[in-house]
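These are the residues of each chain, in order.
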Number of protein chains: 2
Amino acid sequence: MVLIQRDGGFKMVKYKEVAEDIQKRIYANEFNGKLPTEQALIEMYDVSRNTIRSAINILVKRGSIHKVQGSGLYINRKTTDDKTIINLSVKIGLTRLLPKSTITSEVLDFHIFPADAAMAQEFNCDPETLIYRVKRLRMIDGKPLAIENSYYNKDIVKYLDKNIVKNSIYSYIENDLKMDIRFSDEYISMKRLSDEECHLLNLNQGSSCLMIKEINFLRNSAIFNVSETLYNSDHIALYAPVQRD
Amino acid sequence: MVLIQRDGGFKMVKYKEVAEDIQKRIYANEFNGKLPTEQALIEMYDVSRNTIRSAINILVKRGSIHKVQGSGLYINRKTTDDKTIINLSVKIGLTRLLPKSTITSEVLDFHIFPADAAMAQEFNCDPETLIYRVKRLRMIDGKPLAIENSYYNKDIVKYLDKNIVKNSIYSYIENDLKMDIRFSDEYISMKRLSDEECHLLNLNQGSSCLMIKEINFLRNSAIFNVSETLYNSDHIALYAPVQRD
């Protein structure tokens, strides 16, 4: 039986724990292209068939594995061109998404301001609502990976400080504030970088980057976070698994 | 009761028909930010509650609408910066995805060749398997939108010709060949364009673009199509709706 290591004391639903553990083993190349059978997984984790099936469904939705009828569960090979792949379907923050790398953050700006008309429209909130602004340079194994411009509605995310935003803000929101992050709209486009942005990302002047704009919602459909992240596209590819209707 | 227009005689499952019809009405701004109630939709379409619920689930997964518990079904506003939005979660081909625009294609290359080692690995097929190559310039309302380099395994897609590839290849595969396109892996990155590509897309020399590499699977997990599409990023943003596990 596999003993699942808890994630910093954060209690997850059982099938999510199992999904996370299988995911870690996939990243660590512990399986040879194919998962053990459903029955073998039930015995490994000492859980019910339903729990294993729910865990498998999560991994299928993420594009980590796929089922072949009558043959088993296959691990999807990734074509990367040696770039780090960010899976758009997995909303768990960079820190947990790239477990083989060390993600660090330098806080470039942290302040609070009353929403102007444009920001109020983004958040679907009243003008003058207080908004946290966090600008961070995110680094992967010490190299600049992305510039993140992120905004949080203070009516919803009641408290942030410079110390908190040095680490994973999503972990704080979920584990400490116990908020239920549910879905997000992500818009991917290309952006020409300013000279300052090129400098921060260690790119030649005039370079472009991949920009992801995210609008993030809680279960009750409140928008708690809007962000624009500029990725150094030399090192990054985005991955989206798509199931047909 | 709403009469649903069939799509070129192609018979869809009922709930998918209803989803497509509601989607069209959303594009046409027929609702005022909010869908009619479930009961009203049941009466409009003269179908069962289950059919409406399945249709609604499709639209939620696509990020077209979202549910607010106890309040109803809201239409998601799209932030676009005036760019055409391509929804990565909707695998129905550009022609149906952008119904307000006219998509045309110029065939730049069409030929057949035996797979070399690299292509055989892409398709997970034997070397020497015959592969169709289709290179198209895709245009939106007469303006260059994308260069598509697409490959089809002839063992699976038995027949293509220059006339077929002038139009929607996906419609042909689904409606004429009756094949069941199921899921795809999509990789998004940035690519610096060659001079020829800049010329085709009407961009300055040295421009970059958004590149989407797609690996497309049938229900039995066979890879029938691999493609790389270079999008003129001046006019395009990609959209991905993400639900949390």
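Here is what the cut-offs are and how they apply
Residues numbered from 1 in each chain as written. Chains lettered and ligands numbered in written order. Predicted model: local features only at pLDDT ≥ 70, side-chain atom pairs only at ≥ 80, totals over all residues. Heavy atoms only, no water. Domains from an automatic or database assignment. Phe/Tyr/Trp six-rings, centres within 6.5 Å; stacked < 30°, edge-to-face > 60°. Helix = DSSP H or I, 4+ residues; strand = E, 2+ residues; numbered from the N terminus. Buried < 20%, exposed > 50% of the residue type's maximum accessible area, 1.4 Å probe, protein only. Contact = heavy atoms within 4.5 Å. Buried area = accessible area lost by both parts, 1.4 Å probe. Salt bridge = Lys/Arg side-chain N within 4 Å of Asp/Glu carboxyl O. Polar contact = N/O pair within 3.5 Å; in protein donor to acceptor, adjacent residues only side chain to side chain. Least-squares fit on C-alpha atoms with pLDDT ≥ 70 in both. Pairing = 2+ DSSP bridges. Axes fitted to C-alpha atoms, helices over the stretch in contact; angles between N-to-C directions.

Asker: What is the right way to read the domain arrangement of chain A from this model?
Answerer: Interface size is commonly expressed as the accessible area that is lost once the parts come together. Domain assignment breaks chain A into domain 1 (4-79) and domain 2 (85-239). Its C-alpha centre places domain 1 of chain A at a distance of 29 Å from the equivalent point of domain 2 of chain A.

Asker: Looking at this structure, how should I read the packing of aromatic side chains?
Answerer: To describe a pair of aromatic rings, you give the distance between the ring centres and the angle between the ring planes. Tallied over the entire structure, the rule returns 10 aromatic pairs over all chains. Ring centres of tyrosine 239 of chain A and tyrosine 187 of chain B lie 5.0 Å apart, and the angle between their planes is 35°; on these two criteria the pair is classed as tilted. Here tyrosine 239 of chain A, found in strand 10 (residues 236-243), pairs with tyrosine 187 of chain B, found in strand 7 (residues 181-192), and the two come from separate chains. Tyrosine 239 of chain A gets classed as buried once you look at its relative accessible area, which sits at 0%.

Asker: Help me understand the interface of chain B and chain A, please; the structure alone is not making it clear to me.
Answerer: Taken together, the contact pairs 51 residues of chain B with 51 residues of chain A. Carbon and sulfur atoms supply 49% of the area that chain B and chain A bury against each other, a total of about 4,300 Å² over both sides. Linking chain B with chain A are 0 salt bridges, by the criterion used here. Where chain B packs against chain A, one counts 8 residue pairs in polar contact (both at pLDDT 80 or more).

Asker: Would you explain the relation of the copies chain B and chain A in this entry?
Answerer: Here the second copy of the chain follows from the first by a rotation about an axis and a shift along it. By a simple turn and slide, chain B fits onto chain A: the slide is 0.0 Å along the axis, the RMSD is 0.0 Å, and the turn is 180°. Look at the turn and shift together and you get a two-fold axis relating the two. Both copies contact each other with a shared surface, as 100% of the interface residues of chain B are interface residues in chain A too.

Asker: For this particular structure, what's the right way to read the sheet that holds strand 7 of chain B?
Answerer: Strand pairing within a sheet occurs via backbone hydrogen bonds; the two strands may be parallel or antiparallel. Reading across from one edge, 3(A)-10(A)-7(B)-8(B)-9(B)-6(B)-5(B)-4(B) is the order of the 8 strands in this open sheet, with mixed pairing throughout. Of all the strands in the sheet, the pair left with one neighbour each is strand 3 (84-87) of chain A together with strand 4 (103-114) of chain B. Strand after strand, the sheet turns through a mean of 20° between neighbouring axes, direction not considered. Both strand 10 of chain A and strand 7 of chain B contribute to a ladder of 6 bridges, which runs antiparallel. Across the sheet, residue glutamine 243 of chain A finds its bridge partner in strand 7 of chain B, namely phenylalanine 183 of chain B.

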